[in-house]
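# Report on the structure
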Amino acid sequence: MKNAMCEMFGIEVPIFAFSHCRDVVVEVSKAGGFGVLGMARMSPERVREELRWIDAHIEGRPYGIDVLMPTTYQDFGGHKFDAEQLFPRRQLEFVRTMLDEAGVPPLPPDEAHAIETALVSQFNFTPQESAEMIEIAMEHPIKLIVNALGSPPPSLVERAHARGIKVAALAGAPKHALRHKQAGCDFVIAVGTEAGGHTGHVTSMVLWPRIVDAVAPLPVLGGGGVGRGRQMAAALALGCEGVWCGSVWLKTAQSEVTPEIKAKMFEAGSEDAVLTRSVTGKPCRTLRSRFTDAWDEPGAPETLPAPLQAILWWGQGRTRVERARVKDFLTYPVGQIVGDMTEETSVRQVVYEMMSELVEAKDRLNGVVG
Ligand SMILES: Cc1cc2nc3c(=O)[nH]c(=O)nc-3n(C[C@H](O)[C@H](O)[C@H](O)COP(=O)(O)O)c2cc1C
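Reading guide: rules and limits
Residues numbered from 1 in each chain as written. Predicted model: local features only at pLDDT ≥ 70, side-chain atom pairs only at ≥ 80, totals over all residues. Near = placed C-beta within 6 Å. Nonpolar A, V, L, I, M, F, W, Y, C, P; charged D, E, K, R; others polar. Pairing = 2+ DSSP bridges. Helix = DSSP H or I, 4+ residues; strand = E, 2+ residues; numbered from the N terminus. Axes fitted to C-alpha atoms, helices over the stretch in contact; angles between N-to-C directions. Buried ≥ 20, exposed ≤ 12 C-beta atoms within 10 Å, placed from the backbone. Right-handed = clockwise from strand over helix to strand, strands pointing away. Domains from an automatic or database assignment. Contact = placed C-beta atoms within 7 Å.

## Side note on the site of the ligand
Around the ligand sit 24 residues, and of these A195, G196, G197, G246 and G335 come closest. Along the lines of polarity and charge, the residues of the shell around the ligand split into 13 nonpolar, nine polar and two charged.

Set out below in structure tokens:
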């Protein structure tokens, strides 16, 4: 294919893959697309390790990173490592009682404490630490930095551009996209409500063309609900220069999800990808579970603000239910295309099928429009 995004990165197909899994990143880039590693709050050591591995396996193909650059710094101060003080009693008891009553065995106290300690330090991420992480990443041949939340700071855009690295950011509304353009982004990623993970309320069908028009002539990638070639054709028809996909890689053999969660995704319908605050404190589309349902029931407490709710779920719930493999409680961020995910495949096969269906869609349209 030939268009602005293919030229920008010297890639064969404008399929951009968001993944927390380095194997997916490498496989997508090797298949002719562009892999982007989600590095939210990774320690400097981890950044070095992951990027060294990618460099050793990616055969010189381009790749990028996705970072969460906090504009505000959450300091948990004296309550740092104590769940009893960190969380309000009502929410803490709600989670504990829910899992106790369901017969999910608790974690040994030392282990629960260690998990929470690690989590709190992860969320206690200062802007300096975030800058250090990006500095380390820039020592590797990355070609793109994507900012997950908000516009990238001017200093970052300058440093990246000085090294020939492109910068982009996610947008759920035209006004956010315009802010990214003013901040100096090389392109914008328009993410509709269908998406897995944090997302807004407007559908891709409505959002993509509005953002394309708002930031023209800046290129736009369409994200949220793209897992197959007809959806990619729709993105291109609506003015996007390529697609940004996250959920579809979860069904591949290379993905990071456990076999139990994968099996649950294969049984799920699109309506099981629910938008809930219960896993992070912000609207996040995730696989419906007894945990996500419980917060919607009458008498349930309010969810806590981010990042406390995430620490509550991960520290008090997630490891506990994953350890015991309690299917009803398992959840993971995923978008509405989960309804299309029915069996395991490979990253290469996803790219291949997306391209063949795209070509079929183009031929059908050619026949109709003539
Ligand atoms: C498991 C999962 C984790 C995600 N984590 C992040 C993240 O850390 N940073 C980010 O910018 N986007 C994250 N996203 C959202 C993706 O960047 C992307 O916008 C979304 O997956 C696109 O829609 P789709 O899921 O329908 O493909 C995540 C998505 C999934 C499915």
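Once the structure has been displayed, the description carries forward.
## Quick look at the sheet that holds strand β8 (residues 220-223)
In space, the eight strands of this closed barrel follow the order β1-β2-β3-β4-β5-β6-β8-β9, with parallel pairing throughout. Going across the sheet, the axis of each strand differs from the next one's by a mean of 25°, ignoring polarity. Where strand β1 (residues 15-19) and strand β2 (residues 34-38) come together, four bridges link them in parallel fashion. Each residue of the ladder has a partner; that of S19, found in β2, is L37.

## Here we look at the pairing of strand β5 (residues 166-171)
Within β5, five of the six residues are buried, which leaves the element mostly enclosed by the surrounding structure. Across four bridges, strand β4 (residues 144-147) lies against β5 in parallel orientation. Opposite I145, over in β5, you have V167 as the bridge partner. A crossover connection joins β4 to the parallel β5 through helix α8 (residues 154-162); in handedness this β-α-β unit is right-handed. Bridge count between β5 and strand β6 (residues 187-191): four bridges; the pairing is parallel. The residue bridging A171 from the neighbouring strand is A190, located in β6.

## Remarks on the domain arrangement of the chain
Splitting the chain by domain gives domain 1 (4-72 + 126-248 + 346-364) and domain 2 (77-124 + 255-329). A separation of 28 Å is found between the C-alpha centroids of domain 1 and domain 2. Taken together, the contact between domain 1 and domain 2 spans nine residues of the former and eight residues of the latter. Of the residues assigned to the side of domain 1 that touches domain 2, the class counts are three nonpolar, five polar and one charged.

## What to know about the environment of E12
Mapping E12 onto the fold places it in the loop between α1 (4-9) and β1. The exposure class of E12 is partly exposed, given the 15 C-beta atoms found within 10 Å. Taking the C-alpha atoms as reference points, E12 and C240, separated by 228 residues in sequence, lie 16 Å from one another. Beyond its immediate stretch of four places on either side in the chain, E12 contacts M1, C6 and G32.

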